[in-house]
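Residues per chain, in single letters:
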Amino acid sequence: MQRPAGRFTAAHRGGAGEPLLCLHGFMDTWRTWELVLPRLERRHDVLAPTLPGHAGGSPLPPDVDDDAIVDMLERTLDEAGWATAHIAGNSLGGYLALRLAARGRARSVVAFAPAGGWAVGDPAFAAVLRMQADLHTQTRAAAAQAVLSAGTPTGRRAATRLLTVRYEHLPEDLVAHLTLGVAACDALPLIEAALRTGYSLDAAAVACPVRVVWGTDDVLLPWPSTAVRFREDWLPHADWVELDGVGHAPQLDVPLEAAELILGLTAA
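Presented here is an overview of the structure given in this document.

1. Considerations on the packing of aromatic side chains
Point 1. A full pass over the atoms with the stated rule returns eight aromatic pairs.
Point 2. With centroids separated by 5.9 Å and ring planes inclined at 40°, the aromatic side chains of Trp223 and Trp240 adopt a geometry described as tilted. Taken together, the positions of Trp223 in the loop between strand E6 (210-215) and helix H9 (228-234) and Trp240 in strand E7 (residues 239-243) put the pair 17 residues apart, joining distant regions of the chain.
Point 3. Accessibility expressed as a relative area gives 16% for Trp223, which makes it buried.
Point 4. When the centroid spacing of 5.2 Å and the interplanar angle of 70° are considered together, the rings of Phe230 and Trp234 count as edge-to-face. Of this pair, Phe230 and Trp234 both sit in helix H9, four residues apart, which is roughly one turn of that helix. Grouping residues by exposure puts Phe230 and Trp234 together as buried.
Point 5. Ring pairs connect the aromatic residues Tyr95, Trp118, Phe125 and Tyr199, which therefore count as one cluster.
Point 6. Lying over the aromatic face of Trp240, Arg231 brings its terminal NZ or CZ to 6.0 Å of the ring centre.

Here it is in structure tokens:
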């Protein structure tokens, strides 16, 4: 079903079974999961919210930081009637999934290229955030052309170059929507908060099964340099999966494989 590219909603919920929370990445919306939802919903009650400060999501609280975002996600779980849930997350959403697990709210976690794994002192951390601030500014300036651009293969490739290796299968309306979502995101306060506080994880408190998935062709958070703290300090005993020739967002790049990686862990 084609949806209007510029229509943003707070969440999607569908399916039946054990609860599954899907958390998108920075400047995305819940629709990043659209291509995997049909398979996930055959076995799960799926809730995919739009994160605070993102297009369709709730406003950011004053003095936002990642603790405040995790607090808001806990309220989302409470409102859904879920004490715990399986959680899948990509990028920022993968990091937030692990933070929820450290609070005892996860039955399992599948994290696709979770943010926050840079080695302490790695200048790439600040460089990526500055690049995202520039990307937000550029996308806002070009937002009026998003639908027209997504109607061409060249435009779809340009719009998805940081997210996927493959783009030919991506629907035009989804690509346009994701581009407009970047433009509509309240990005700068989140970037400033990340630069101010960094990323932290009480890894000892994560008691559920964890699978970390990384595409070897991820150009936004390159493997393995941006996974150092996860691999060496926080989650060395997780189930680590490398996807050859896949980019930053496997749920968009290889949706069938991404869905099976989630379902394989939740079934266990």
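Once you've had a look at it, read on.
2. Considerations on the nonpolar core
Point 1. The biggest cluster of nonpolar side chains holds 55 residues, and the ones touching the most others in it are Leu23, Leu96, Val109 and Val210.
Point 2. Tallying contributions element by element places helix H3 (residues 92-102) first for this core, with seven residues.
Point 3. In terms of nonpolar packing, the next biggest core, distinct from the first, is built from 23 residues, Val110, Val241, Leu243 and Val254 among them.

3. A word on the environment of Met131
Point 1. If you trace the backbone, Met131 turns up in helix H4 (residues 124-142).
Point 2. Along the primary structure Met131 and Leu220 are separated by 89 residues, whereas in three dimensions their C-alpha atoms are 9.6 Å apart.
Point 3. Discounting chain neighbours no more than four positions away, the residues touching Met131 are Leu162 and Leu220.

4. A look at the pairing of strand E2 (residues 18-23)
Point 1. Within E2, five of the six residues are buried, leaving the element largely enclosed by the surrounding structure.
Point 2. Where E2 meets strand E3 (residues 44-49), four bridges bridge the pair, whose relative direction is parallel. Directly across from Pro19, in E3, lies its bridge partner Asp45.
Point 3. Of the strand pairs in this sheet, E2 and strand E4 (residues 85-90) are connected by four bridges, and their pairing is parallel. Each residue of the ladder has a partner; that of Leu20, found in E4, is His86.

Cut-offs applied
- Residues numbered from 1 in each chain as written.
- Predicted model: local features only at pLDDT ≥ 70, side-chain atom pairs only at ≥ 80, totals over all residues.
- Heavy atoms only, no water.
- Phe/Tyr/Trp six-rings, centres within 6.5 Å; stacked < 30°, edge-to-face > 60°.
- Helix = DSSP H or I, 4+ residues; strand = E, 2+ residues; numbered from the N terminus.
- Buried < 20%, exposed > 50% of the residue type's maximum accessible area, 1.4 Å probe, protein only.
- Lys NZ or Arg CZ within 6 Å of the ring centre and 35° of its normal.
- Core = buried A, V, L, I, M, F, W, Y, C linked by side-chain atoms within 4.5 Å.
- Contact = heavy atoms within 4.5 Å.
- Pairing = 2+ DSSP bridges.

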